[in-house]
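Spelled out, the chains give:
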Amino acid sequence: MRQVILYGISGASKAYTVLNYFCIYEEFVSISTILGEARRLRMRNPDVEHVYAIDNRYGLRRDYRESMKQNSIESHYIFKDILEREGMLVI
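Residues numbered from 1 in each chain as written. Predicted model: local features only at pLDDT ≥ 70, side-chain atom pairs only at ≥ 80, totals over all residues. Heavy atoms only, no water.

Another point: the packing of helix α2 (residues 60-70) against helix α3 (residues 73-86). At a minimum axis separation of 8 Å, α2 and α3 run at an interaxial angle of 155 degrees. As judged from the angle between their axes, α2 and α3 are roughly antiparallel. Crossing of α2 over α3 shows left-handed handedness. Side by side, α2 and α3 meet where L60, D63, Y64, S67, M68 and Q70 of the first sit next to S75, H76, F79 and I82 of the second. Grouping the amino acids of the contact of α2 with α3 by side-chain chemistry returns 5 nonpolar, 4 polar and 1 charged. (Axes fitted to C-alpha atoms, helices over the stretch in contact; angles between N-to-C directions. Helix = DSSP H or I, 4+ residues; strand = E, 2+ residues; numbered from the N terminus. Parallel < 35°, antiparallel > 145°, perpendicular 65-115°, else oblique. Left-handed = near helix turned anticlockwise from the far one by under 90°. Contact = heavy atoms within 4.5 Å. Nonpolar A, V, L, I, M, F, W, Y, C, P; charged D, E, K, R; others polar.)

The following block contains the structure:
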């Protein structure tokens, strides 16, 4: 089963913090599913400026937790860079 994780990230004014995330567990993930869940992420939290989709991989959770644990703009930006390089911008 495939896992695609959506991360809702704030803008620069809030230090690129991950405000919300959602996991999609489906064998065949469609674009409409990804777009629908991304829109719901933004509706639940209006401070979300960008939503990134990324395939789940070993170590991704650790990267996310380290970014939240250090809680600095640098650590948040490093995680955002991971999402940009390995994932894709949805909204």
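Phi at A15 takes a positive value of approximately 65 degrees, unusual for a residue other than glycine. With respect to the helices and strands, A15 occurs in the loop between β1 (2-9) and β2 (18-26). Of note, the phi angle at Y16 is positive, near 55 degrees, even though the residue is not glycine.

This part covers the sheet that holds β2. Reading across from one edge, β2-β1-β3-β4 is the order of the 4 strands in this open sheet, with antiparallel pairing throughout. At either end of the open sheet lies a strand with only one pairing partner, and these are β2 and β4 (88-89). As paired strands, β1 and strand β3 (residues 50-55) are joined by 6 bridges and run antiparallel to one another. Bridge pairing in β3 places I5 opposite I54. Its contacts with the sheet put helix α1 (residues 31-44) on β1, β2 and β3, and the angle it makes with β2 is roughly 150 degrees. Together, β1, β2, β3 and β4 form the strand contacts of α3, whose direction differs from that of β3 by roughly 60 degrees. (Pairing = 2+ DSSP bridges.)

With that settled, the discussion passes to the packing of aromatic side chains. Inspection of every chain in the model, using the stated rule, returns 6 aromatic pairs. With a centroid separation of 6.1 Å and an interplanar angle of 40 degrees, the aromatic rings of Y7 and Y21 are classed as tilted. Remark: Y21 occurs in strand β2 and Y7 occurs in strand β1; sequence separation between them is 14 residues. We classify Y21 as partly exposed; its relative accessible area is 43%. A centroid spacing of 5.1 Å and a plane angle of 85 degrees characterise the contact between Y7 and F79, whose relative ring orientation is edge-to-face. Note that Y7 is positioned in strand β1 and F79 in helix α3, a separation of 72 residues in sequence. Each member of the pair Y7 and F79 is classed as buried. Taken together, the ring pairs connect Y7, Y21, Y64 and F79 into an aromatic cluster. (Phe/Tyr/Trp six-rings, centres within 6.5 Å; stacked < 30°, edge-to-face > 60°. Buried < 20%, exposed > 50% of the residue type's maximum accessible area, 1.4 Å probe, protein only.)

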